[in-house]
Amino acid sequence: MKLTGWAGYPQHNAKMISPVSVSEIRKKLKEGNLIARGNGRSYGDSAISKSNTVSMKNFNKIISFDNNNGILVAESGILLADIIKNFLPQGWFPYVTPGSKYVTLGGMVAADVHGKNHHKEGNFGKYVSWIEIIDCIGSIKKCSVNENSELFHWTIGGMGLTGVILRVAIKLRKVESPWIKQNTLFADDLNEVIDIFEKNMDATYSVAWIDCLKKNKNQGRSIVFLGEHANLSDLNIYRKKMTMNANKKKFSISIPFYFPNWFMKQRLIKCFNFFYYWNQKLKNSKRLVDWDSFFYPLDSIKGWNKIYGKKGFLQFQCVIPIDKSREGIKYLLDEVSKSEVGSFLSVIKRFGKQEGNFSFPMEGYTLNLDFPINEKSLELVNRLDQITINFKGRFYLAKDSRMKLETFLKSDDRIKNFLLFREKQNLSKSFNSVQSNRLGL
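Residues numbered from 1 in each chain as written. Predicted model: local features only at pLDDT ≥ 70, side-chain atom pairs only at ≥ 80, totals over all residues. Heavy atoms only, no water.

(A) Representation of the overall build of the protein chain in the model. Counting secondary structure elements, the protein chain contains 14 helices and 21 strands. Taking 441 residues into account, the globule formula puts the C-alpha radius of gyration at 22 Å, and the protein chain, at 21 Å, falls close to it. By principal-axis analysis of the C-alpha atoms, the protein chain measures approximately 60 × 55 × 45 Å. Looking at the protein chain residue by residue over its 441 residues, the buried ones come to 57%. (Helix = DSSP H or I, 4+ residues; strand = E, 2+ residues; numbered from the N terminus. Rg over C-alpha atoms; globule rule 2.2 N^0.38 Å. Buried < 20%, exposed > 50% of the residue type's maximum accessible area, 1.4 Å probe, protein only.)

Here it is as structure tokens:
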């Protein structure tokens, strides 16, 4: 069968099964080169093995929940959307969430996802209490900070290369309502947007949409969104009533077909950026928004990846260390603006201190760009790779679909320690993806 990540590139002929029991997974383990797959929302080929992809979609049950301390135990194939559906009406929400709710719990652990609050509250892995994982001989090992701790720390952010994640215990956050107090700020250039982030380090959530095509004095023009969970005292009677139905269905649209390849031209993206910027200017800068709109705006557009055409698209996400962020991101934006390729969805966030053995974030600024697949965009991201390396940055493996081995090896001095762990635990033949083979992991 044909398998891709969410970006639709690259495409591979691959064998995949959807087991319903641990015994079936153990049988597949004997074949080697196994990789577990959640909902296919990583962008590239990190959840694809050409010979042995194991879908965990049937392992999707809630095991238990402790309402006193917010500890949820669930199988790895459960969707984040289902966790929120079950527990937000009870006043609980994930501490860390990525930009889509259609990811699995196991995938969130494997990628050690980050959210809009990393600068203040860290990675997803910080809120993982323990993990049950099927190792290379089929044994189920429970690991935590205090038990099988080395396996625990390398599994968080290990991209599924340490075993098959079976069950996970995570801590949820107590909230009074599903509403977010959003404050919108506008920055005329890159220095101003970074200044806004630095002045608002106490904000729980912060993220900026950035117009990557602006040049000269307006390079880096951005809209910064700050957010806090709203308390009941912040709500009027109408919103208090709506709070009782946190899962009320929202209007959504569906993309029924692939757009033509020419659709994502730079001129069209410039028009979109212009209207998006001024549309936000017309809205109240401080307002209440629902949780779905704040955290998952793209989820309301079903099949939005089809906008890029049948060839798909690629995501580029890097982080530049804090002392080099202003200069490094300026160089990246220079390269994008002078190319003939535009990024439709461009985001910048502030990261806090580095956590985890092999997790992506480090203290600094992360830039996330996407480009339709064509020869120019592939050449462009190779240049962006080199700029990132020059500024001592690193790359997010959950977004990668085309990075070269030599680039990856230059980007992260922790790679050798991960490889040593894989070798020591005899994992190298048992767990592999197309991505891990491409990057020498």
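Don't stop here, the text continues.
(B) Region of the structure containing the pattern of salt bridges. Per the counting criterion, the structure on display carries 20 salt bridges. Here Asp45 and Arg438 are joined by a salt bridge, their closest N and O atoms 2.7 Å apart. Of the two residues, Asp45 sits in the loop between β4 (35–37) and β5 (53–55) while Arg438 sits in helix α14 (residues 434–438), which places them 393 residues apart along the sequence. Classification of Asp45 as buried rests on a relative accessible area of 1%. A salt bridge links Asp400 to Arg438, with the shortest nitrogen-to-oxygen separation between them at 2.9 Å. Highlighted residues: Asp400 in the loop between β21 (394–395) and α12 (405–411) and Arg438 in helix α14, separated in sequence by 38 residues. You can call Arg438 partly exposed: its relative accessible area is 23%. Bridged by salt links that share partners, the residues Asp45, Asp400 and Arg438 form one connected network. (Salt bridge = Lys/Arg side-chain N within 4 Å of Asp/Glu carboxyl O.)

(C) Structural detail: a nonpolar patch on the surface. A surface patch of nonpolar side chains, about 360 Å² in accessible area, is lined by Phe274, Phe275 and Trp278. Position of Trp278 among the secondary structure elements: in helix α8 (residues 266–282). (Patch = residues over 30% accessible without salt bridge, like charges linked within 9 Å, V, L, I, M, F, W, Y side chains within 5 Å. Areas by Shrake-Rupley, 256 points an atom, 1.4 Å probe, with all protein chains shown as cover.)

(D) View of the pairing of strand β10 (residues 140–144). Of the strand pairs in this sheet, strand β9 (residues 128–134) and β10 are connected by five bridges, and their pairing is antiparallel. Paired with Ile133 across the strands is Lys141, a residue of β10. If you look at the hairpin formed by β9 and β10, you'll find five residues sitting between the two strands, and Gly138 has a positive phi there, around 90 degrees. (Pairing = 2+ DSSP bridges.)

(E) Representation of the packing of aromatic side chains. Applying the stated criterion across every chain, the model contains 25 aromatic pairs. Consider the rings of Phe197 and Tyr365, whose centres lie 5.6 Å apart with planes at 65 degrees: the pair is edge-to-face. Note that Phe197 is positioned in helix α6 (residues 190–199) and Tyr365 in strand β20 (residues 364–372), a separation of 168 residues in sequence. Taken as a pair, Phe197 and Tyr365 share a single burial class, namely buried. Measuring from ring centre to ring centre gives 6.1 Å for Phe316 and Phe395, while their planes differ by 70 degrees; the resulting arrangement is edge-to-face. Placement of Phe316 in strand β18 (residues 313–321) and of Phe395 in strand β21 is noted, with a sequence separation of 79 residues between them. You'll find Phe316 and Phe395 in the same group, each marked buried. Members of the aromatic cluster, connected to one another through ring pairs, are Phe93, Tyr205, Trp291, Phe294, Phe295 and Tyr296. When the ring centre of Trp130 is taken as origin, the NZ or CZ atom of Lys142, which lies over that ring, is 4.2 Å away. (Phe/Tyr/Trp six-rings, centres within 6.5 Å; stacked < 30°, edge-to-face > 60°. Lys NZ or Arg CZ within 6 Å of the ring centre and 35° of its normal.)

Keep in mind that these numbers describe shape and distance, not what the molecule does.
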